[in-house]
There are 2 protein chains.
Amino acid sequence: MLSTAQLSEKLLRAEYAVRGPIVERAQELEAAGRKIVYCNIGNPQALGQRPLTYLRQLLCLVEYPELMENGATRARFPKDVVERARRVLLEHPSGTGAYTQSAGIPFIRQAVAEFIARRDGIPADARRIILTDGASKAAQAVLTALLRSPEDGFMIPIPQYPLYSASLTLYGGRRIGYDLDERHAWQLGEAILSESLEAACAIGTHAVGIVVINPGNPTGAVLSEDNIAMIIGFARRHGLAIIADEVYQENVYEPGRVFHSFAKVMHALGDTTTPLFSLHSISKGFLGECGHRGGYLELRNVPDDVLAQFVKLQSISLCANVPGQLATYAMVAPPRPADESYAQFVRERDAILDDLREKARILGEGISRIPGMFVEVPQGAMYAFVRFELPPEPGVSLGMMSDEERDVYAAERDTAYCLALVEETGICVVPGSGFGQLPGTLHFRTTFLPPRDEIRDVVSRLDAFHRRYVSRLTAVEVSV
Amino acid sequence: MLSTAQLSEKLLRAEYAVRGPIVERAQELEAAGRKIVYCNIGNPQALGQRPLTYLRQLLCLVEYPELMENGATRARFPKDVVERARRVLLEHPSGTGAYTQSAGIPFIRQAVAEFIARRDGIPADARRIILTDGASKAAQAVLTALLRSPEDGFMIPIPQYPLYSASLTLYGGRRIGYDLDERHAWQLGEAILSESLEAACAIGTHAVGIVVINPGNPTGAVLSEDNIAMIIGFARRHGLAIIADEVYQENVYEPGRVFHSFAKVMHALGDTTTPLFSLHSISKGFLGECGHRGGYLELRNVPDDVLAQFVKLQSISLCANVPGQLATYAMVAPPRPADESYAQFVRERDAILDDLREKARILGEGISRIPGMFVEVPQGAMYAFVRFELPPEPGVSLGMMSDEERDVYAAERDTAYCLALVEETGICVVPGSGFGQLPGTLHFRTTFLPPRDEIRDVVSRLDAFHRRYVSRLTAVEVSV
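Right, let's walk through the structure included here. Note that the structure is a prediction, hence the values are computed from the model and not measured. (Residues numbered from 1 in each chain as written. Chains lettered and ligands numbered in written order. Predicted model: local features only at pLDDT ≥ 70, side-chain atom pairs only at ≥ 80, totals over all residues. Heavy atoms only, no water.)

1. Some points on the overall build of chain A
Counting secondary structure elements, chain A contains 16 helices and 13 strands. The C-alpha radius of gyration of chain A comes to 23 Å, within 12% of the 23 Å expected for a compact globule of 480 residues. Expressed as lengths along the three principal axes of its C-alpha atoms, the size of chain A is roughly 80 × 60 × 50 Å. Classification of the 480 residues of chain A by burial places 61% in the buried group. The long-range fraction of contacts in chain A, counting pairs at least 24 apart against all pairs at least 6 apart in sequence, stands at 74%. Of the accessible surface of chain A, which amounts to about 17700 Å², a share of 53% is contributed by carbon and sulfur atoms. (Helix = DSSP H or I, 4+ residues; strand = E, 2+ residues; numbered from the N terminus. Rg over C-alpha atoms; globule rule 2.2 N^0.38 Å. Buried < 20%, exposed > 50% of the residue type's maximum accessible area, 1.4 Å probe, protein only. Contact = heavy atoms within 4.5 Å. Areas by Shrake-Rupley, 256 points an atom, 1.4 Å probe, with all protein chains shown as cover.)

Right under this line is the structure:
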C-alpha cells in the first residue's frame, strides 16, 4: 500500500482553501440532509444562475449538427445561431470530436484577438493567444514556464486567490506576498511592493513575476488606471513578468468604475518590453460557464521562441477541450445588434449583471451593519472579503507573537469560526487564512451569488451567529 | 522581452514528438495548399470517423434542455436518450454549467465503478475513481504525486508514448527505459525489466513506479494475462506503483486476443498491496471523442489519506470539464439491448471497430511487403511502429559509437526521413526516436486511421518513397 510518506512533499504542502475542510464538512452535512448555502466558490450556475441561451444553442448545434438538417427543428433556433454553427463546422469540420491544434482552433484565436482589439483599441496578435481549459490552467502554464529554480518566486497579493499559492507550492516556487491596502479599497501601494521585493531579495528569493488580480479575488476591488500604470512601471524596473488575472473584467458594479486591462495601459505607456500574460475565462462575467472549463492566455512582449515553448507545453496535454474553446468563442464574439438572438442575449446578460450588482449591495451593506464586521460594497468580481473581530482569548497575547505565529493563530481562529458557521447555519464560506490576511486580523470570503432572498437570509443569519459566537467566547472568558 | 534563457530548463528539455517539428512542417505545407494525410496522431474524428449518435444526442440535450420541452423536437430523439438526459439533470441539476466536485460528478463515478465491475467481474469503489480531462491529465497527476526527489523515476517502455517522457522531463523525474521485445510481438521480458531497474539503481536512480501501456502505443501489442501477472509480481517485489495506461482496451483486433485489465489480473493474484493507477479515456476505442477531453483514473491499493491528496490535486484545477465527464458516462454506460437507441449504437460501434480491424490489416500487410520495412499487423490500438532500414552512410561506423551516440544519430536519420516523407508525399508520421527505439534501429509510428482507400494509397506511396530515398542515399554513397 502506498503511504502519504511516499508522496511528493510539494503536493502534501499545497493548500487550496476554496475546496478545503470547511467545504468537505458542508458536503457531509448536506449528505445528511442539511440545506447548505454554498458561498465558498464562484460557481454561479450551481446557485441558480441560468446559462445564456445563445451560447448553449451554439454548443448544442455543434455537438449534434443533425438538428440543423430538419427544417422544423432548425426553425426552433435563431437564424444567426444556426448560421454561426454552420460556419464553425465549415472552418473546423471535426467540430467537438477531434484534438485541435495545441494552441486552439485558429479562427477562435483570431476572434479572441479581435475581441481584445475592440475592447482596448489596441492591436492584438492571434498567434499570441492560447486557448486553455479555464484560466487556472493558463496561470499554471505561466508558473511552469517561468520558475527555473527553487529560489524563484512570484509576487502574489495578500489576500490572493489560492490557485496561486497552491500552484507555487506544487511547482516548487516561492511566494512573495504583498499586502493589498484594505483601508484604500484594496489598491496596491508602490512602497509595499518595494518592501516586499526587498524582503524577498534579502532571503535569497529571486522574483520572476508578479500576479495581479483585477477585479480582485477575494477583495472585489477594481484597480484604477494609475494603479495599473504604477504596477507596470514597477515590473519593468525590476524585470518582472506580469500575470494579469482579468477573469472578472465584466464584473464591475460600482457606478463610475471601469475595467482597464493591463494590455491597454501597457500600450498607452509604450512599454514594449515587460512580458505580460493576461488571463480570461468563461467561468465568470455573466456567462458563469464554470463546467465548460474554457479561457485564454494572451502573451505580450514575448518573442517567438518563448511563445513556441508555451505552445509545446500545451501540446503535451494535446489541447484544451473543444466545447470550452467554442464557449470562449461565444464569449468573445457575442450576437450583434442585427442578429435575431441579440435582444434575448442583451436581456439575459443585463439581468444577470444587474442582479449581481444588487446582490453585491445587499451583501455589502448588510454585513457592514453587523457589529464587529467590516466590509465595503464590493466594486466588482463575485466576492466580499469580510473582516471580523473576535474578543481576545484569555491568556493569548498577540503582542508576544511573531508574524508567523500570529498567522497560525489567526488560521486556527478563522477556521474554527467558519466551521461553526457552517455547522450552525449551513452557510459555507472560506476562512481568510486561505487567502492571506494581515497578521492579527481575521476575515472570511463569501460570494454574493445565491438568489437575493437567500443573500438577505445569509446576512441576518450571519448577524445572529456572530453575536452568539462572540457571546460564547466572552462567556468562556468570564468563566475563566 | 522574455528570452528562452529565462524559461524553465525542464520545459525547454521536454519533447513531445507527436506534435513536434514534422507536424509543424506538415501544417505549413497544408496552409500552402498541399494535401496532408495526418498519420501522426490518434485523432480519429479529424480523419473522418463519425461520432456515435447516442453520445452526441445526450450531450446536446444536456447542453440545451429546452429541446426536451417541445414534443415535436423531443420526438426526434430516442426515448432512452431523452430519459437519460432527464436523469442526468435530475441527479446533477446544474448540468454542464457549474464546477462539479473535484473528483467528478458522483453518479458518473459510480457508473465507472459499475463498468469496471461488469467488465472484470471484480469489486470496484466509486470513491476511488477520479474523472479527468482525458487520460493525459490522469497520468500527469500520478507523476506529480509520486515524484518526490530529482533522483526518483518511472520505468517506461521503449518505445513509449511520449506523454510519459515529456511529463517526466517537465516534472523533474527520471526515465528508466525498458525495451519491449520487437521479435516477440512487443511483449515485456522479466529479465529486461530487472536489468533496466538494476542499471538505474547503479546510477542512483530510485524507481517509484512502472508505466505499462496495454494495448500498446506505439506498438499495437496486446499483453497476455501471463505477461501482466509477471509485471505485477515484478512491481510488488520492487515496491513499484503501476500506471496501467489502458486507453486502447476496446481496440483489440487479432482474433483470439482479448484485453485483460491490470485490475482484474491483480485481483486474481490476490495482490492487495501493489498500488495500481488505471487510466481510461473517451478519445480512443470506438468513440474517438478526443476533443471532449474526458477520462478517468482508478486507484487501487491506495489508502484514504493518499486518495485525499489526489482529490486535493484535482481541486487545485477545480474539476474536469463537464461535457467530458458526461461523455465518459456515455462510454461506461452505453445503451442497453432494450433501449430504442441500442440498434443504432451497435451498428455504429461495430462499423468503426470492423473498419479499424480491416485498416490495421491493410496497413500491416501492405507495409510488411515493402522491401526494407518490417512490421506485423497491429494486434490492437491505432498504430503500427514500423522498423525500416537505410543503407549505411559512408564514413559512419555505428560500431564505434556509444548507445547514446547511436540514439542521436538514429534521431537525425529518422527525422530527416520523416521530413522528406511529408515533403514528398504529404504523409505525416512520427520518427521512432520520439518514442524510443533500440540503439542502431530506425522506426516511424503511423496510425491506421485514415479511410481505407487512403491507407492503401499511403502504403503505395510509402513504397515508392522508400525506394527513392534509399536509392538517393546509395547514389550519394556511390558518388562518394
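We are not done yet, so read on.
2. Some words on the environment of Phe277(A)
With respect to the helices and strands, the residue Phe277(A) is situated in strand β7 (residues 276–281). Separated by 106 residues in sequence, Phe277(A) and Tyr171(A) place their C-alpha atoms 18 Å apart. Sequence-distant contacts of Phe277(A), defined by excluding residues within four places in its chain, comprise Val142(A), Leu146(A), Ala241(A), Ile242(A), Ile243(A), Ala244(A), Leu297(A), Glu298(A), Leu299(A), Val302(A), Phe310(A) and Leu2(B).

3. With respect to the pairing of strand β8 (residues 295–300) of chain A
All names here are of chain A. Summarising burial for β8: six of the six residues are buried, a large majority. Here strand β2 (residues 129–132) pairs with β8 via four bridges, running antiparallel. Within β8, the residue paired with Ile129 across the bridge is Glu298. Inspection of the sheet shows β7 paired to β8 by six bridges, in the antiparallel sense. For Ser281, the partnering residue across the bridge sits in β8 and is Gly295. (Pairing = 2+ DSSP bridges.)

4. Considering the interface of chain B and chain A
Between chain B and chain A, the contact holds 85 residues from the first and 85 residues from the second. Of the roughly 7100 Å² buried at the junction of chain B and chain A (both faces included), carbon and sulfur atoms supply 58%. Counting the surface chain B buries against chain A, the share from its top three residues, Leu2(B), Tyr99(B) and Ile316(B), is 11%. Taken together, the connections running from chain B to chain A amount to four salt bridges. Ionic pairing is found between Arg50(A) and Glu66(B), a salt bridge with its closest N-O pair at 3.4 Å. For the side of chain B that touches chain A, the secondary structure elements donating two or more residues are α1 (9–13), α3 (53–63), α7 (134–146), α8 (162–171), α12 (304–316) and α13 (322–332) of chain B. (Buried area = accessible area lost by both parts, 1.4 Å probe. Salt bridge = Lys/Arg side-chain N within 4 Å of Asp/Glu carboxyl O.)

5. Notes on the relation of the copies chain B and chain A
Note that the two copies of the chain are related through a rotation about an axis and a translation along the same axis. Superposing chain B onto chain A takes a rotation of 180° plus a shift of 0.0 Å along the axis, which leaves an RMSD of 0.0 Å. Expressed as an axis order, the relation between the two copies is that of a two-fold axis. Among all residues of chain B, the minimum C-alpha distance to the rotation axis is found for Cys60(B), at 2.2 Å. (Least-squares fit on C-alpha atoms with pLDDT ≥ 70 in both.)

6. With respect to the side chain of Glu348(B)
All names here are of chain B. Looking at where Glu348 falls in the secondary structure, it is placed in helix α14 (residues 342–368). An unpaired buried charge is present at Glu348: no salt bridge exists, and Arg347, the closest side chain of opposite charge, is 6.0 Å distant. Not counting chain neighbours up to four residues away, the residues in contact with Glu348 comprise Pro51, Leu52 and Thr53. (Lys, Arg positive; Asp, Glu negative; His and termini not counted.)

7. With respect to the sheet that holds strand β13 (residues 442–447) of chain A
Residue and element names in this part refer to chain A. Taken in spatial order, the four strands line up as β9-β10-β13-β12 in an open sheet, and their pairing is antiparallel. In this open sheet, the two strands that pair with only one neighbour each are β9 (373–374) and β12 (430–431). Of the pairings in the sheet, the one linking β9 to strand β10 (residues 383–388) comprises two bridges and is antiparallel in character. Across the sheet, the residue bridging to Phe374 is Arg387, located in β10. Its contacts with the sheet place helix α14 (residues 342–368) against β9, β10 and β13, and it is angled at close to 155° to β13. (Axes fitted to C-alpha atoms, helices over the stretch in contact; angles between N-to-C directions.)

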